[in-house]
Amino acid sequence: MEEMFHKKSEAVRRLVEAAEEAHLKHEFDADLQYEYFNAVLINERDKDGNFLELGKEFILAPNDHFNNLPVNISLSDVQVPTNMYNKDPAIVNGVYWSESLNKVFVDNFDRDPSLIWQYFGSAKGFFRQYPGIKWEPDENGVIAFDCRNRKWYIQAATSPKDVVILVDVSGSMKGLRLTIAKQTVSSILDTLGDDDFFNIIAYNEELHYVEPCLNGTLVQADRTNKEHFREHLDKLFAKGIGMLDIALNEAFNILSDFNHTGQGSICSQAIMLITDGAVDTYDTIFAKYNWPDRKVRIFTYLIGREAAFADNLKWMACANKGFFTQISTLADVQENVMEYLHVLSRPKVIDQEHDVVWTEAYIDSTLADDQGLVLMTTVAMPVFSKQNETRSKGILLGVVGTDVPVKELLKTIPKYKLGIHGYAFAITNNGYILTHPELRPLYEEGKKRRKPNYSSVDLSEVEWEDRDDVLRNAMVNRKTGKFSMEVKKTVDKGFRCGALQRPWEIFLPRERNHRGRPA
């Protein structure tokens, strides 16, 4: 298993080196014209039978390694989010220099034929995938996929973070502004992963925790918690006067208290402020809680077209190592929210921390076996700019990754060494199962097909004998060694139950510079 982890990590590392070298040699050209293979437009023709622009002929052939999907194992192609312009200069330049990854994609596949999808997700939004495959829009003609919202991208691009989101619900936020504010909060939640902790507070003359049962603390940004908070966003309504000073005091106190408990990310901290204006700069509050160290970054989102209070919000962000942006329409939300990721990634970029990250098990939407969609994990690594003029600014270029089917992990387990009742399993740094014999995905009602939205479960949900989480906590805290634990085992075909001492051994693969690596 360790050898397999190493091979996948090395494949990703080669992609990182090639991408950084290609970008180093590239000079940005605002007038660059480059015809690339757009994954949505390839092989499409107009009414006259001519190939569409960016839709040149792209040879696709069924390949049994990719579940007989029509792919091109010689080239990659590029998907651009629907809300972005295909020929934006930033997109075209990025696609141009990342074309050099094709050779590395093919070389990696030659070295390790068990590899499946390899890709580069750009910080500009485009997604280069190998082998090349045609993407089909949904029934509304839209492809909602944005690589920057995927867990593998978020985990690799940023350090773990504690976030308090402040939402202005004063009377001036009525109507479209409140709708935009809610969508902004939802988009911020999309960018949070299992390594992050958060809470949402709405404010006017008073503070209103979106989830009242969780006031004064932060919760892990797992899928369940994020969906729970999204449901409560619909209950927000605008009235009264916005008292931002009360909200800022509360946010700083929460972050300070939570940090002192030793819980949370123990890393970056941020306050996200979503409002239509601020009448003051509140420098006395920042002086009390955040200066001179500025450990908490302030990100301000001005909702609406008016710019009367923009200067105050800009000052607040700049004085606290954050970022200011204005969101005028719902269409502006996605791109503007993404800007904060670049700021939070700067320390990693400047220090050139190429952490390898592994995600928990999830359902892949493209490959399937006889039981339906397959369980997958992703190994990913960030790509940084090495150009001298940008190195000190900490520019994140994107994230490279490759998918690993969970069944490939199972093949590496030497079952003959484990004994008749023995088994092996692996978890991530958050305690989520990567592979386990009792990992049984939920099925759609009446069908033997896994639910497309399935996500992994915590180890404590399958190792129920570990009532005090002794085993789970030891693995999460990266302790190695052997110990035993009493478990109950049925005998005589389930008619009797007996207690026995089961030995456990915790093993950590030897891989440097990791985060979310299996244990």
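Look up a bit, the structure's there.
This one's a predicted model, so the numbers in the text were calculated from it and none came from an experiment.

### Observations concerning the overall build of the protein chain
Stage number 1. Helix and strand counts for the protein chain stand at 13 helices and 21 strands.
Stage number 2. Per-residue burial over the protein chain gives 52% buried out of 519 residues.
Stage number 3. Contacts in the protein chain between residues at least 24 apart in sequence constitute 70% of all its contacts with a sequence separation of at least 6.
Stage number 4. In the structure as shown, the protein chain presents an accessible area of about 24600 Å², 50% of it carried by carbon and sulfur atoms.

### What about a nonpolar patch on the surface?
Stage number 1. There is a patch of nonpolar side chains on the surface, built from Ile-241, Met-243 and Ile-246 and spanning about 250 Å² of accessible area.
Stage number 2. Along the chain, the position of Ile-241 falls in the loop between α6 (223–233) and α7 (244–260).

### Some details on the nonpolar core
Stage number 1. Grouped together as the largest cluster of nonpolar side chains are 63 residues, with contacts concentrated most on Trp-117, Trp-152 and Val-400.
Stage number 2. When sequence neighbours within four positions are dropped, the list of residues in contact with Trp-152 reads Tyr-119, Gly-121, Phe-127, Cys-147, Val-357, Thr-359, Thr-378, Ala-380 and Val-399.
Stage number 3. By size, the runner-up hydrophobic cluster in this structure holds 36 residues, among which are Ala-181, Ala-238, Ile-274 and Val-333.

### Things to note about helix α5 (residues 176–190)
Side chains of residues three or four places apart in an α-helix project in the same direction, reflecting 3.6 residues per turn.
Stage number 1. Its 15 residues place the ends of α5 21 Å apart at the C-alpha level, agreeing with the 21 Å of an ideal helix rising 1.5 Å per residue.
Stage number 2. Within α5, the full set of buried residues consists of Leu-178, Ile-180, Ala-181, Thr-184, Val-185, Ser-186, Ser-187, Ile-188 and Leu-189.

### What to know about the packing of α5 against helix α10 (residues 333–351)
Stage number 1. Contact pair α5 / α10: the axes reach a minimum separation of 9 Å and the direction vectors enclose 50°. By the angle between their axes, α5 is oblique relative to α10. As α5 runs across α10, the sense of the crossing is right-handed. Between α5, through Ile-180, Gln-183, Thr-184, Ser-187 and Ile-188, and α10, the contact on the second element is made entirely by Val-333, Gln-334, Val-337 and Tyr-340.
Stage number 2. Of the residues assigned to the contact of α5 with α10, the class counts are five nonpolar, four polar and no charged.

### Overview of the side chain of Thr-158
Stage number 1. Within the secondary structure, Thr-158 sits in the loop between α4 (151–157) and β6 (161–168).
Stage number 2. The class for Thr-158 is buried, based on a relative accessible area of 2%.
Stage number 3. Polar side-chain contacts of Thr-158 include one of 3.0 Å to the backbone oxygen of Ile-154.
Stage number 4. A distance of 3.1 Å separates polar atoms of two side chains, one belonging to Thr-158 and the other to Lys-161.

### Details of the pattern of salt bridges
Stage number 1. With the rule as written, the count across this model stands at 19 salt bridges.
Stage number 2. With a closest N to O distance of 2.5 Å, Glu-53 and Lys-87 form a salt bridge. Of this pair, Glu-53 sits in the loop between α1 (2–25) and β1 (61–63) while Lys-87 sits in the loop between β3 (77–79) and α2 (89–98), and the two are 34 residues apart along the sequence.
Stage number 3. Residue Lys-87 is classed as partly exposed on the basis of its relative accessible area, which comes to 21%.
Stage number 4. Bridged by salt links that share partners, the residues Lys-7, Lys-8 and Asp-112 form one connected network.

### Let's talk about the packing of aromatic side chains
Two numbers describe a pair of aromatic rings. These are the distance of the centres and the angle of the planes.
Stage number 1. Inspection of the entire model under this criterion finds 25 aromatic pairs.
Stage number 2. Ring pairing ties together the aromatic residues Tyr-119, Phe-127, Trp-135, Phe-145, Trp-152 and Tyr-153, which thus form one cluster.
Stage number 3. For Arg-45, the ring lying beneath its charged end belongs to Phe-51, and the centroid distance is 3.9 Å.
Stage number 4. In this arrangement the basic side chain of Lys-56 is found over the ring face of Phe-37, its NZ or CZ atom lying 4.7 Å from the centre.

### Brief notes about the pairing of strand β5 (residues 127–130)
Stage number 1. Judged by which residues are buried, β5 turns out to be covered on both faces: Phe-127 and Gln-129 on one side and Arg-128 and Tyr-130 on the other are all buried.
Stage number 2. In the sheet, β3 pairs with β5 via three bridges, with the strands oriented antiparallel. In the strand pairing of β5, Asp-77 is matched with Gln-129.
Stage number 3. Summarising the sheet, strand β4 (residues 118–122) and β5 pair through four bridges and their orientation is antiparallel. Residue pairing in the sheet places Gly-121 in a bridge with Phe-127 of β5.

### With respect to the side chain of Asn-320
Stage number 1. Considering the arrangement of structural elements, one finds Asn-320 in the loop between α9 (310–318) and β12 (323–327).
Stage number 2. Only 2.8 Å separates the side chain of Asn-320 from the backbone oxygen of Met-316, close enough to count as a polar contact.
Stage number 3. Residues within four places of Asn-320 in sequence aside, it is in contact with Phe-286, Asn-290, Trp-291, Arg-294, Val-296, Arg-297 and Ile-298.

### Section: unusual backbone geometry
Stage number 1. For the peptide bond that leads from Tyr-130 to Pro-131, omega is -5°, which places it in the cis range.
Stage number 2. Mapped onto the elements, Pro-131 comes out in the loop between β5 and α4.
Stage number 3. The step from Trp-291 to Pro-292 runs through a cis peptide bond, and the omega angle for that step is 5°.
Stage number 4. By secondary structure assignment, the location of Pro-292 is in the loop between α8 (283–289) and β11 (296–303).
Stage number 5. Residue Tyr-282 is not a glycine yet carries a positive backbone phi of 55°.
Stage number 6. Structurally, Tyr-282 is set in the loop between β10 (268–275) and α8.
Stage number 7. You will see that Arg-294, though not glycine, has its phi angle at about 55°, which is positive.
Stage number 8. The residue Arg-294 is located in the loop between α8 and β11 in this model.

### Considerations on the packing of α1 against helix α3 (residues 101–111)
Stage number 1. Two elements in contact, α1 and α3, have axes whose closest approach is 10 Å; the angle formed by their N-to-C orientations is 165°. Accordingly, the angle class assigned to the pair α1 and α3 is roughly antiparallel. Where α1 crosses over α3, the two elements pack in a sense that is right-handed. From α1, Ala-11, Arg-14, Leu-15, Ala-18 and Ala-19 reach across to α3, where they touch Leu-101, Val-104, Phe-105, Asp-107, Asn-108 and Arg-111.

Reading guide: rules and limits
- Residues numbered from 1 in each chain as written.
- Predicted model: local features only at pLDDT ≥ 70, side-chain atom pairs only at ≥ 80, totals over all residues.
- Heavy atoms only, no water.
- Helix = DSSP H or I, 4+ residues; strand = E, 2+ residues; numbered from the N terminus.
- Buried < 20%, exposed > 50% of the residue type's maximum accessible area, 1.4 Å probe, protein only.
- Contact = heavy atoms within 4.5 Å.
- Areas by Shrake-Rupley, 256 points an atom, 1.4 Å probe, with all protein chains shown as cover.
- Patch = residues over 30% accessible without salt bridge, like charges linked within 9 Å, V, L, I, M, F, W, Y side chains within 5 Å.
- Salt bridge = Lys/Arg side-chain N within 4 Å of Asp/Glu carboxyl O.
- Core = buried A, V, L, I, M, F, W, Y, C linked by side-chain atoms within 4.5 Å.
- Expected span 1.5 Å × (residues − 1).
- Axes fitted to C-alpha atoms, helices over the stretch in contact; angles between N-to-C directions.
- Parallel < 35°, antiparallel > 145°, perpendicular 65-115°, else oblique.
- Left-handed = near helix turned anticlockwise from the far one by under 90°.
- Nonpolar A, V, L, I, M, F, W, Y, C, P; charged D, E, K, R; others polar.
- Polar contact = N/O pair within 3.5 Å; in protein donor to acceptor, adjacent residues only side chain to side chain.
- Phe/Tyr/Trp six-rings, centres within 6.5 Å; stacked < 30°, edge-to-face > 60°.
- Lys NZ or Arg CZ within 6 Å of the ring centre and 35° of its normal.
- Pairing = 2+ DSSP bridges.

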